Amino acid sequence: MKKYITIFQLAWNRCLEYRGVNLVFLVVSIINITLNIVVWSVAYQNPHFQSTEPYSVFISYFLLVIFFNQLVNSFTGGVIADEHIKRGELSIYLLKPFSYFLYMMLLEIPWRIIAFISSLPVILVFLFVFRNIIEINVFFFFTAILLIGLAYVLSFIIQILFACLTFWFEDTHGIFDLLEILVLLFSGVGIPLFFLPD
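Description of the structure in this document. (Residues numbered from 1 in each chain as written. Predicted model: local features only at pLDDT ≥ 70, side-chain atom pairs only at ≥ 80, totals over all residues. Heavy atoms only, no water.)

## As for the side chain of S41
Here is the rule: Helical segments are the DSSP runs of H or I of at least four residues, strand segments are the runs of E of at least two, and each set is numbered from the N terminus. What qualifies as a polar contact is a pair of N or O atoms within 3.5 Å, subject to a donor-acceptor requirement within protein and to the restriction that residues adjacent in sequence count only when both atoms come from side chains. Every residue pair with non-hydrogen atoms within 4.5 Å of one another is taken to be in contact.
Tracing the backbone shows S41 in helix 2 (residues 19-45). Of note is the side chain of S41, whose polar atom sits 2.5 Å from the backbone oxygen of I37. Leaving out residues up to four positions away in the same chain, S41 has contacts with Y55 and F58.

So this is what it looks like as structure tokens:
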């Protein structure tokens, strides 16, 4: 157990070294929230637009989705594909006396936490701005919090599965771009889940 704590501490220190990346996380979260709210607000103002949910539910939805998305999305597949499989370094990690799966997860979790912390002030500002509109169901909110760990593990496993395609394909950047588009469309980040068919 001590070796995993050490790996996490080293990964955390590395995250703190790259402060520029943390600034990028902040800027990206501002752009994500702003663009989503602007685009869908314009859609709601269109008289031909039909939605089963009121505008208040929509605003609450996007603020929570951006909030949870910072914790749930895994991006470790590119590292595994480019640095470990292509360069032939995977065997080095597989021979070490710890789980490669847990090792890669412990390397990424600090980045997810930093991304979440970076986006928190932005989300709080938007919560303040839309405080009269927001409707949050407490039961669904706490259920979502309980499911964060499971959702992250699922995202992490999908990233590893797509990274394994590097064994058969020389260039997997297009495959990861396709995965990113699919996640954007079907995870509820780009299009609210209540707009998708049942």
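Past the structure itself, the notes keep going.
## Quick notes on the packing of helix 6 (residues 100-129) against helix 7 (residues 138-163)
The criterion, for reference: Angular values range over 0 to 180 degrees, each being the angle between N-to-C directions of two axes fitted as lines to C-alpha atoms, with helices fitted over their stretch in contact. Note that the term roughly parallel is reserved for angles under 35 degrees, roughly antiparallel for angles over 145, roughly perpendicular for angles of 65 to 115, and oblique for everything else. In this scheme, a crossing is called left-handed if the near helix is turned counterclockwise away from the far one by less than a right angle; it is called right-handed if the turn is clockwise. Polar here means any residue other than Ala, Val, Leu, Ile, Met, Phe, Trp, Tyr, Cys and Pro, which are nonpolar, and Asp, Glu, Lys and Arg, which are charged; Gly is therefore polar.
Packing of helix 6 against helix 7 leaves a shortest axis separation of 12 Å and a crossing angle of 120°. In terms of their interaxial angle, helix 6 and helix 7 are classed as oblique. The chirality of how helix 6 crosses helix 7 is right-handed. Across the interface between the two elements, F101, M104, M105, E108, I109 and R112 from helix 6 touch Y152, V153, F156, I157 and I160 from helix 7. Taken together, the residues of the contact of helix 6 with helix 7 break down into nine nonpolar, no polar and two charged.

## Quick notes on a nonpolar patch on the surface
Formally: Surface patches are defined over residues having more than 30% relative accessible area and no salt bridge, joining like charges when they lie within 9 Å and nonpolar side chains (Val, Leu, Ile, Met, Phe, Trp, Tyr) when within 5 Å. Note on areas: these come from Shrake-Rupley sampling with a 1.4 Å probe, and a residue is covered only by the protein chains present in the view. For this analysis, a salt bridge means a side-chain nitrogen from Lys or Arg found within 4 Å of a carboxyl oxygen belonging to Asp or Glu.
The grouping of L178, I181, L182, L185 and F186 at the surface amounts to a nonpolar patch, some 460 Å² of accessible area in total. Looking at where L182 falls in the secondary structure, it is placed in helix 8 (residues 173-186).

## Quick look at the side chain of R112
Here is the rule: Relative accessibility thresholds used throughout: buried, under 20% of the residue-type maximum; exposed, over 50%; partly exposed, between the two (1.4 Å probe, protein chains only). For the purpose of charge, His is not counted, nor are the chain termini; Lys and Arg are scored as positive and Asp and Glu as negative.
Note that R112 resides in helix 6. No salt bridge forms around the buried R112; measuring N to O, its nearest opposite-charge neighbour E108 is 4.0 Å away. A polar contact is formed between the side chain of R112 and the backbone oxygen of N73, at a distance of 3.1 Å. When residues no more than four places from it in sequence are discounted, the contact partners of R112 are F25, Q70, L71, N73, F75 and Y152.

## Describing the packing of aromatic side chains
One pair of aromatic rings is described through two measures. These are the centre distance and the angle between the planes. Our working rule: Planes of paired rings set the category: under 30 degrees apart is stacked, over 60 is edge-to-face and the rest tilted, where pairs are Phe, Tyr or Trp rings (Trp by its six-membered ring) whose centres lie within 6.5 Å. Geometrically, a lysine NZ or arginine CZ counts as sitting over a ring once it is within 6 Å of the ring centre and also within 35 degrees of the ring normal.
Taken as a whole and judged by the stated rule, the model has 15 aromatic pairs. Residues Y61 and F62 carry aromatic rings whose centres are separated by 5.5 Å and whose planes lie at 80° to one another, so their mutual orientation is edge-to-face. Exposure class is identical for Y61 and F62. Each is buried. Between F101 and F156, the ring centres sit 5.0 Å apart and the planes meet at 85°, which makes this aromatic pair edge-to-face. Pair noted here: F101 is in helix 6 and F156 is in helix 7, with a separation of 55 residues, a long-range link. In this structure F101 comes out as partly exposed when scored by relative accessible area, which is 32%. Taken together, the ring pairs in this structure connect W40, Y44, Y55, F58, Y61 and F62 into an aromatic cluster. Over the ring of F128 we find R131; its NZ or CZ atom is 4.2 Å from the centre of that ring.

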